[in-house]
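Now for the letters of each chain:
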Amino acid sequence: MLEAIRDAIGTAMSADDRVMVLGQDVGKFGGIFRATDGLLAKFGEKRVVDMPLAEGVIVGSALGLALSGLRPIAEIQFLGFAQQAFHQIVQQVARMRYRSRGRFAASMVIRAPFGGGGRTPELHSDAIEALFTQAQGLKVIAPSNPHDAKGMLLRAIRDPDPVLFCEPLRGYRLARGEVSSGPYEVDIDKAKVVRDGKDVTLIAWSAAVNLALQAADVLLTEGTEATVVDVRSLLPLDVDTLVAAVKRTGRCVVIHEAPLTAGFGAEIVATLANEAFYSLEAPIERVTAPDAPYPLSAAELMFIPNVERVVAATRQTLEAQ
Amino acid sequence: MSGTRPEAQFPYRGDPTPPFRFLEPNGTLLEGSVSPLDDEQTLSALRLMMLSRAFDQRGISLHRQGRFGTFSPVMGQEASVVGSAFALDPSRDWIVPQYRELPAYLHQGLPLEQFILYFNGHPAGGTIPDGVRLLPIQISLAAQLPHAVGLAWGLQLQNIDGVVLTYFGDGASSEGDFHEACNLAGIVKAPVIFFLQNNGWAISIPRAKQSGARTLAERAPGYGFDGVVVDGNDLLAVYEVTKTAVDRARRGLGPTLIESQTYRLGAHNTSDDPTRYVASDVVNTWKEFDPILRVQRYLAVRGRWNEDTASDFQSEISGVIDQALIAANSVPAPTTKDLFKHTYAELTERQVRQLRAHASSAKQPEIA
């Protein structure tokens, strides 16, 4: 996964002189996860910039850089820390096009890993992606695998609108897969059916997609065929793909790492309840973190969803009459 | 290592430098000073100051009649705004505004009717015509400062000739964005001018409650660049100080923080009632320092200002405001399309569906 992200940034920087990277430790150190490793040596310190430790001005100055004609990629070390730049992302970056009636566009990408399971210190693992999905004007995307990560990042860098690119912390090294070496793009407004099955639809994004796929393997041994949909883009949401998948199976489980209440699953379930209501044969289940703060790491495996909970919730929806 | 006395690490810093000044309040040029603006330029700056004052008065009156939205008058700060804007070259320099700087936007090329539309609440009011180097009005205090630094830094990285001047107030200088922006600007030596209008008030909070610093400009050395204090009611001094900072930025010498010490003669905005927290004799004292009177007195001594010129200016300005109001009022009322337009480069599928549903169910009331 990390290699795919690094590849995408390097590919974009080679193709377009305007693309630059800024963030904490992105230079000599190559990023705390090495997502920008080698870029400083290749592109120089005007295009790979180590920033002072201040998320607000990393994002806010990236907006100014974008207005000057450059294509900044701002790295925030953990999405939880993006809360220190919340007003810049939600109020400023997302609205620049709207406020200027189209004169100025914040054509920029903000990258940040999120989610748990990495045994990180406190406040590093929060899955707060839903907080950004009310920022109309922003695109919020969360790939689950290396192929999509590279293609969606390349597409995001070229996008005229600002993109919050949420990377799966747990997937950095766990998510493996073939990645084409050349430049290619993957849509950033489309969900994808990554596994077909007639009995139930599992909906997830980012690291939770892998959970859904593992759960589908387990369910298959019990004779249940599950469809798995990778949402990929939360904002905008590809409603049609989700509705079509749920209509085919009549049963649905939504999985995410954020706590239940007002997690992005709530939006998906409400949408399905409205648009797929007459196809539903059972209440939609949600498998999420509990409504509690993200715990210190020794307790995190009890907190985030796991395969067993996904399988159990799926059985429940299958048993409902 | 030297010194057994730690007091040596707490040096006496000396008194702050008094504000830079060219013109006495009575309009006399200080001895030894040479005006940086010739009489024609001074008249043109005065016209813009008077236009700003006249617009404030008209706007307040229209607001009372319910015919204009809530806005923040410039009143009292005209020299500060116009003097600084005049130091820029609108064909290459940028202004990143707060919201209390109307004459600077006009100098930069924004049509007055655009400003009227904005404060009348019309979505099209945010439009900035192509070629006008001005970002949208910023309601969120100090949020524009990081943008100004990024923009200036981006111009510098691309070797594009241009300096960025950003406006904000004494209240906004307490925000974290101020610190973060100054800090970055000092590191990358961005060609940016932080133009801090210290008008004494953040709605009802006086300057003394914003910061324990003796002057707001003396924070600048902590970020690695210079801070200067100027008499913000002196057109010539504001122009000269800003011009110096702009020239330095253009030569690659980096940012400057200018604290323009001025005074808000009016209200925070048209919904505010300053009589609850400002003593009237304080305001009356400041009226003696009215920046417009100061320029008029200066020009009168030079034989360039009398009752006839004053009346010519007033009637020309009145006509300009009339025309702008007519132009703004002739813009068609917003439609449901305007609710969605420009959120993204293209509407999302969901927005398209919502627009369809909304257009058939929501009735737009008449705009007064």
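Residues numbered from 1 in each chain as written. Chains lettered and ligands numbered in written order. Predicted model: local features only at pLDDT ≥ 70, side-chain atom pairs only at ≥ 80, totals over all residues.

## What about the overall build of chain B?
Operational definition: Starting at the N terminus, helices and strands are each numbered in turn, a helix being any DSSP run of H or I of at least four residues and a strand any DSSP run of E of at least two. Based on C-alpha atoms, the radius of gyration is set beside the globule rule, defined as 2.2 Å times the residue count to the power 0.38. To assign burial, the other C-beta atoms lying within 10 Å of each residue's own C-beta are counted, with C-beta atoms placed from the backbone; 20 or more indicates buried, 12 or fewer indicates exposed, and intermediate counts indicate partly exposed. Two residues qualify as being in contact provided that their C-beta atoms, derived from the backbone, are within 7 Å of each other.
The helix and strand inventory of chain B stands at twelve helices and seven strands. The C-alpha radius of gyration of chain B comes to 22 Å, within 12% of the 21 Å expected for a compact globule of 368 residues. Along the first, second and third principal axes, the C-alpha set of chain B runs to 80 × 60 × 45 Å. Counting every position in chain B, which comprises 368 residues, the buried fraction comes to 45%. When contacts within chain B are restricted to residue pairs at least 6 apart in sequence, those whose partners lie at least 24 apart make up 76%.

## So, the environment of B:Val132
Residues and elements named next belong to chain B. Among the structural elements, valine 132 can be located in the loop between helix 4 (112–119) and helix 5 (144–157). Overall, the presence of 18 C-beta atoms within 10 Å leaves valine 132 in the partly exposed class. Here the alpha-carbon distance between valine 132 and alanine 267, two residues 135 residues apart in the chain, equals 29 Å. Setting aside residues no more than four positions away along its own chain, valine 132 makes contact with Gln108, Gly109 and Leu110.

## Describing the packing of helix 3 (residues 55–67) of chain A against helix 5 of chain B
Convention followed: Interaxial angle, 0 to 180 degrees, is taken between N-to-C directions of lines fitted to C-alpha atoms, where a helix line uses only the stretch in contact. Note on angle classes: values under 35 degrees are labelled roughly parallel, values over 145 roughly antiparallel, values of 65 to 115 roughly perpendicular, and the remainder oblique. It is the rotation of the near helix from the far one that decides the hand of a crossing: anticlockwise by less than a right angle makes it left-handed, clockwise makes it right-handed. Residue type decides the class: Asp, Glu, Lys and Arg count as charged, Ala, Val, Leu, Ile, Met, Phe, Trp, Tyr, Cys and Pro as nonpolar, and the leftover types, Gly among them, as polar.
Between helix 3 of chain A and helix 5 of chain B, the shortest axis-to-axis distance is 6 Å and the interhelical angle comes to 50°. Here helix 3 of chain A is positioned oblique relative to helix 5 of chain B, judged by the angle of their axes. When the axes of helix 3 of chain A and helix 5 of chain B are compared, the crossing they make is right-handed. Facing A:Gly56, A:Val57, A:Gly60, A:Ser61, A:Ala62, A:Leu63, A:Gly64, A:Leu65 and A:Leu67 of helix 3 of chain A, the residues of helix 5 of chain B in contact are B:Pro146, B:His147, B:Ala148, B:Val149, B:Gly150, B:Leu151, B:Trp153 and B:Gly154. The class makeup of the residues in the contact of helix 3 of chain A with helix 5 of chain B is ten nonpolar, seven polar and no charged.

## Some remarks on the domain arrangement of chain B
How we decide: Domain boundaries shown here were taken from an automatic or database domain assignment.
Segmentation of chain B into domains returns domain 1 (15–24 + 33–331) and domain 2 (334–368). Centre-to-centre separation of domain 1 of chain B and domain 2 of chain B, based on C-alpha positions: 35 Å.

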